[in-house]
Structure formats: C-alpha cells, structure tokens
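# Chain and residue survey
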Amino acid sequence: MAPQQQWRSIGSSAGIGFNEGCSRLFEWLCGGNPLSSGPESENIEEVEDMEDVIILITSDSVHLYCNPINSNALLQVLGKINNLQLHCLNTELYKDSDFAQEFKVKTFIQMTTPHAVVGVPYFAVHDPSQSFDPMKLESEWPIVMSYAAEELGGHGFFTLGHEVVELSPYLEEVYAELDPSSLRDMV
C-alpha cells in the first residue's frame, strides 16, 4: 500500500477529462455495477451531466460534488458511505449556469485546499511503461484549470500548490483485496 505520509486524499472527476483510472474508481465505489442496483435505479450511462461529478476521499470523509440532475442516481449508491459530505445545488439555483459553475469551482477549491498531496487514479491499470505527468491535469481537467481563476481567488496553478500523485498501482491492491460487494458490506 502507499506510504500514508505520501498522500492523504484521493481526487477524482467525471465527464470532460474523465479518464480510465477515475472511471474504474467510480465503478468500484458504485459496487462494480455503476448505479444499477434495482428497478428504480438509473445506469451511469443514462445519467446526464456526469462532468458535474467530483469526489474527494480522505481518511475521515468523502466529499461528493454533483448536480440535481445526477444526484438521485449517485446517492442511491454512494449515499450510504459514512461521513459523506454532499455538495449539490438545488434545481432552481442550478438553472443559473454561471452561478452553478462558480459553485462547482469554489467547492473543488474548498475540497482540495486543505490537502498538500492529492492522489489521482489516472490510469485504469498500472503499467510501468506509462508515465504520469501531473501537469497534464492542468490541461486535461477543466476543473483543475479553474483553480487559478482570478475571479475565484486566484489560487495559482493546482500542481504548484499541491503535489499530485498517481495512485493506480496502490488502488489495484485495494481493488484486489476488497471487491465491490465487500465494500458495500463495509458501508
């Protein structure tokens, strides 16, 4: 497992820039069968606006940013997680796209600021021949680019204020030791 002093949070985003590693983490968190646990539940592929999903996992809490369109489907599966902190606008406020975007970025900043090191599941399967460049997050994930926006406090480049660590090899160990049904039993 990864040395605990190295990272204390796992950040993941869905939608634009959503990569295979984040996809695998979301699928694992959703019990191996994304958001399809019963006749009333929705399937993740049918849920709109998945780019409005951000999750940050720490040792004592899980932060979930979502929107009112995808919140019901996400909460069917993730709502049972202990210490889940939900960041979601109501439908009326979400209709104001500028306000909704600002809320999303401010939430991301609030979620990540306390963490000097943020682990990211970038690759679905660790392959030593693949190299991870944390600077790619600045260009591939719009939410990370927004971190530096002057009108939102100008926190500078995310990767200058946070060490970003690729976690795929460590998460592979977790996935191997704890299958999705065991995870469901734990929460």
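Residues numbered from 1 in each chain as written. Predicted model: local features only at pLDDT ≥ 70, side-chain atom pairs only at ≥ 80, totals over all residues. Heavy atoms only, no water.

Next up on the list: the overall build of the protein chain. Of the regular secondary structure elements, the protein chain holds nine helices and six strands. For the protein chain, the proportion of its 187 residues judged to be buried stands at 47%. In the protein chain, the proportion of contacts linking residues at least 24 apart, taken out of those at least 6 apart, comes to 62%. Carbon and sulfur atoms make up 50% of the accessible area of the protein chain, which amounts to about 9700 Å² in all. (Helix = DSSP H or I, 4+ residues; strand = E, 2+ residues; numbered from the N terminus. Buried < 20%, exposed > 50% of the residue type's maximum accessible area, 1.4 Å probe, protein only. Contact = heavy atoms within 4.5 Å. Areas by Shrake-Rupley, 256 points an atom, 1.4 Å probe, with all protein chains shown as cover.)

Attention shifts here to the confidence of the model for the protein chain. On average, the protein chain scores 78 in pLDDT, and the residues at 70 or more come to 75%. Of all secondary-structure elements in the protein chain, the lowest mean pLDDT belongs to helix α9 (residues 180–186), at 65, while helix α3 (residues 91–94) reaches the highest, 96. This model gives residues 1–5 a pLDDT under 50, and the stretch forms five contacts once residues within four places in sequence are excluded. (pLDDT = per-residue confidence, 0-100.)

Time to look at helix α4 (residues 97–112). What sets the pattern is the α-helix's 3.6 residues per turn: residues three or four places apart point alike. Counted at 1.5 Å a residue, the expected span for α4 with its 16 residues is 22 Å, and the 23 Å between its end C-alpha atoms agrees. Of the residues making up α4, those classed as buried are A100, K104, V105, T107, F108, I109, M111 and T112. Buried residues along α4 sit in contact with β2 (54–58), β3 (62–65), β4 (84–87), α3, α6 (142–146) and α7 (158–161). (Expected span 1.5 Å × (residues − 1).)

Counting residues in hydrophobic clusters, the biggest one holds 23 residues, and the most contacted among them are L25, W28, L29, I55, I57 and L78. Mapped by element, the contributors of at least two residues to this core are α1 (20–29), β2, β3, α2 (71–78) and α8 (168–177). Setting aside anything within four residues of it in sequence, one finds I55 in contact with I10, G11, S12, F26, L29, V62, H63, L78 and M111. Among the nonpolar cores identified, the runner-up in size contains 20 residues, and Y65, M111, W141 and Y147 belong to it. (Core = buried A, V, L, I, M, F, W, Y, C linked by side-chain atoms within 4.5 Å.)

For α2, every residue scored as buried is listed here: S71, A73, L74, V77 and L78. Looking straight down α2, one finds its buried side chains confined to an arc of 165°; they lie on one side. For α2, the secondary structure elements touched by its buried residues are α1, β2, β3 and β4. (Arc of directions from axis to C-beta.)

Next up on the list: the packing of aromatic side chains. Applying the stated criterion across every chain, the model contains six aromatic pairs. Residues Y65 and F103 carry aromatic rings whose centres are separated by 6.0 Å and whose planes lie at 45° to one another, so their mutual orientation is tilted. Highlighted residues: Y65 in strand β3 and F103 in helix α4, separated in sequence by 38 residues. Accessibility expressed as a relative area gives 1% for Y65, which makes it buried. (Phe/Tyr/Trp six-rings, centres within 6.5 Å; stacked < 30°, edge-to-face > 60°.)

Following the criterion strictly, the structure yields two salt bridges and no others. Residue E92 is joined to K95 by a salt bridge in which the shortest nitrogen-to-oxygen separation is 3.7 Å. Per residue, the accessibility class of E92 equals that of K95, and both read exposed. E102 is the partner of K106 in a salt bridge, and the nearest nitrogen-oxygen pair spans 2.7 Å. Separated by four residues within a single helix, K106 and E102 lie in helix α4, roughly one turn from each other. (Salt bridge = Lys/Arg side-chain N within 4 Å of Asp/Glu carboxyl O.)

The next thing to look at is empty space enclosed by the protein. In total, this model carries one cavity of 30 Å³ or more according to the counting rule given. As a volume, the largest cavity reaches approximately 90 Å³. Along its surface, the largest cavity is lined by 16 residues, and G11, S12, F108, T112 and W141 are the ones closest to its centre. Those elements giving two or more residues to the lining of the largest cavity turn out to be β1 (9–13), β2, α4, β5 (117–120) and α6. (1 Å grid on protein atoms, 1.4 Å probe; cavity = no way out; pocket = protein on both sides within 12 Å on 5 of 7 lines; lining within 4 Å. Points joined across faces, edges and corners; volume = space filled by probe spheres on them.)

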